[in-house]
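Here are the chains, one letter per residue:
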Amino acid sequence: MGNTVGSTNINFCNFYSSCKDTYLLGLWCADGYWWSSSVGLSNTDEILINQFREFFIQKFDSKRIKYNRHHIFVNSRPLLREFVSAKSNLGNLKDENILQAYFAGRFDGDGSISKDLRSDCRIVYSNRKEIEVDQKLISLIGINKTKIYYYQSAKTFCLYISRFEAEKFINKISLYSIKMQKLMFVPRRDLASP
């Protein structure tokens, strides 16, 4: 495809109407990285890395994509701006399906749950502002019993979802979540369509 590196007229993502793009935003908010004009993902799960690889292949010439086992990135200021702007404006996500896709990405990147799929349902964050925004957003999909904990030794925040709502949360994100598809063996919604 080969978009121009410095072009500012390109829209790569539609975070407000594409569940696929919003899933990637959630995943990037959890495990993404950026520097200078590069944007990418770092994760030990090859399937999650491949989600970004497929996205990049649709947007860029394959020679521009830098990839190794646990990292993938591309040099693109416009794409980096879109991701950073979307992360700064998460409060604009309102549609329930879009929010479910976003939380599926967040959960796949930094979430966990016990084997019973009810207890210890949580998502880890690196700062208070992000977790507070997400605590408000998660209520828009009907998950209201949440608590924020700060673990000083790890310098991380955790958004815990009550065991009384964990199953409901998992059901809402399982249509989009790769992690939950592995655990539940449920067919995943096609993220190729909005």
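Enquirer: So what exactly am I meant to see when it comes to the overall build of the protein chain here?
Expert: When you go through the protein chain residue by residue, the secondary structure sums to 7 helices and 8 strands. The burial tally for the protein chain puts 48% of its 194 residues in the buried class. Across the protein chain, the fraction of contacts at a sequence separation of at least 24, relative to all contacts at a separation of at least 6, is 63%. Carbon and sulfur atoms form 50% of the exposed surface of the protein chain, whose accessible area is close to 9,900 Å².

Enquirer: Whenever I open this one, the pairing of strand β8 (residues 156-161) confuses me. Can you help?
Expert: Successive side chains on a regular strand alternate, one facing one side of the sheet and the next facing the other. Burial analysis of β8 places 6 of its 6 residues in the buried class, the great majority of the element. Sheet analysis places strand β6 (residues 121-125) next to β8, joined by 5 bridges and oriented antiparallel. Along β8, the bridge assignment pairs I123 with L159. Connecting strand β7 (residues 146-151) to the antiparallel partner β8 that follows it, the hairpin turn spans 4 residues, and K155 within it adopts a positive phi of roughly 55°.

Enquirer: Would you mind showing me how to read the environment of G40 here?
Expert: Relative to the helices and strands, G40 resides in strand β2 (residues 38-42). Residues G40 and K66 lie 26 residues apart in sequence; the distance between their C-alpha atoms is 9.0 Å. Apart from residues no more than four positions distant in its own chain, G40 is found in contact with W28, G32, Y33, F56, I72 and F73.

What counts and how
Residues numbered from 1 in each chain as written. Predicted model: local features only at pLDDT ≥ 70, side-chain atom pairs only at ≥ 80, totals over all residues. Heavy atoms only, no water. Helix = DSSP H or I, 4+ residues; strand = E, 2+ residues; numbered from the N terminus. Buried < 20%, exposed > 50% of the residue type's maximum accessible area, 1.4 Å probe, protein only. Contact = heavy atoms within 4.5 Å. Areas by Shrake-Rupley, 256 points an atom, 1.4 Å probe, with all protein chains shown as cover. Pairing = 2+ DSSP bridges.

Honestly, that's just the spatial picture; any functional story needs more than this.
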